[in-house]
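Listed below, chain by chain, are the residues.
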Amino acid sequence: NGGYVYDYELLNLYRIKNKNVATEFISPSDISQSFANVSDEDLSKADLLLTLAGKILKPYLCRVLIKKFDPSNVPAIYTVSDSQWFNLSIGDIKNLTEGTNLGSILGNLFQTEESYEDYAILTFNFESELIKKLLESTDELLIQSAVEIIYAQAVLMSRKPMTPEEMKLLSKGMLALLKKSLT
């Protein structure tokens, strides 16, 4: 179930309490690859959404896919590559040890350039009613605002701390949708 991607602690406790249940750890970067592909026809319907989302999210080192997964009430899942998790962890420790020898050593470990394959992935859920409605829309402003909000919501669900830029993106998307609904 894609809705439990980041609930490792919860699933681990469930496994401990229910010894007859088998669980398997999979890397967050493997998650989007395990979802069902959409047909070529459905992929062509998603062209505008994927093109706009790709442009919007590239500055956030995030690429986009569309797949089918459960639960259908989750419009998108954000997964971070292993190298990004490493950089986030090193960055947190580096900030805590700034000005010390350990801080400078960690600074040398920090990867500043990411390849496209190392980007985070926002996987839109083709089974989601919200995504289906977006696929029917040709209103680029509406799609852009929805992508900004869906991205921010998926980042929050992933439990990755939002950057100030991501918070601004969320605010921008929400304000644009509010303005649009009031006209």
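Look above for the structure.
So, here is what we can say about the structure in this document. Values in this document were obtained by computation on a predicted structure and should not be read as measured data. (Residues numbered from 1 in each chain as written. Predicted model: local features only at pLDDT ≥ 70, side-chain atom pairs only at ≥ 80, totals over all residues. Heavy atoms only, no water.)

### A few points about the overall build of the chain
Applicable threshold: Secondary structure elements follow DSSP: runs of H or I of four or more residues count as helices, runs of E of two or more count as strands, with numbering from the N terminus. Residue exposure (1.4 Å probe, protein chains only): buried if accessible area is under 20% of the type maximum, exposed if over 50%, otherwise partly exposed. In this analysis, two residues are considered to be in contact whenever any of their non-hydrogen atoms come within 4.5 Å of each other. In short, Shrake-Rupley with a 1.4 Å probe defines the accessible areas, and a residue's cover is counted only from the protein chains shown.
Each helix and strand counted, the chain has nine helices and four strands in total. Listing every helix and strand of the chain by position from the N terminus yields α-α-β-α-α-β-β-α-α-β-α-α-α. Of all 183 residues assigned to the chain, the portion counted as buried reaches 39%. Within the chain, contacts between residues separated by at least 24 positions form 77% of all contacts whose residues are at least 6 apart in sequence. Accessible area of the chain: about 11200 Å², with a carbon and sulfur share of 57%.

### Some words on unusual backbone geometry
Across the chain, the bulk of peptide bonds are trans and the bulk of non-glycine residues have phi less than zero. The linkage connecting Asp70 with the following residue, Pro71, adopts the cis geometry, with an omega of 0 degrees. Relative to the helices and strands, Pro71 is located in the loop between β2 (62–68) and β3 (76–79). Phi is positive for Leu61, which is not a glycine, with a value near 55 degrees. With respect to the element layout, Leu61 can be found in the loop between α4 (47–57) and β2. The backbone of Arg159 sits at a positive phi, close to 70 degrees, despite the residue not being glycine. Here Arg159 is to be found in the loop between α8 (140–158) and α9 (164–181).

### A closer look at the packing of aromatic side chains
As a reminder of what qualifies: Centres within 6.5 Å are what make two rings of Phe, Tyr or Trp a pair, Trp counting through its six-membered ring; a difference in plane orientation under 30 degrees is then read as stacked, over 60 as edge-to-face, and the rest as tilted.
Tallied over the entire structure, the rule returns three aromatic pairs. The interplanar angle of 25 degrees and the centroid separation of 4.2 Å between the aromatic rings of Phe35 and Phe69 together place this pair among those described as stacked. Residue Phe35 is found in the loop between α2 (28–34) and β1 (36–37), and its partner Phe69 is found in the loop between β2 and β3; the two are separated by 34 residues along the sequence. Residue class for Phe35 comes out buried when judged on its relative accessible area of 11%. By relative accessible area, which is 5% here, Phe69 ends up buried. Here the aromatic rings of Tyr78 and Tyr151 are separated by 5.7 Å at their centres, their planes lie at 80 degrees, and the arrangement is edge-to-face. A residue pair is termed long-range when its members are at least 10 positions apart, and Tyr78 in strand β3 and Tyr151 in helix α8 qualify at 73 residues. Judged by relative accessible area, which is 2%, Tyr78 ranks as buried. Overall, Tyr151 belongs to the buried group, its relative accessible area being 0%.

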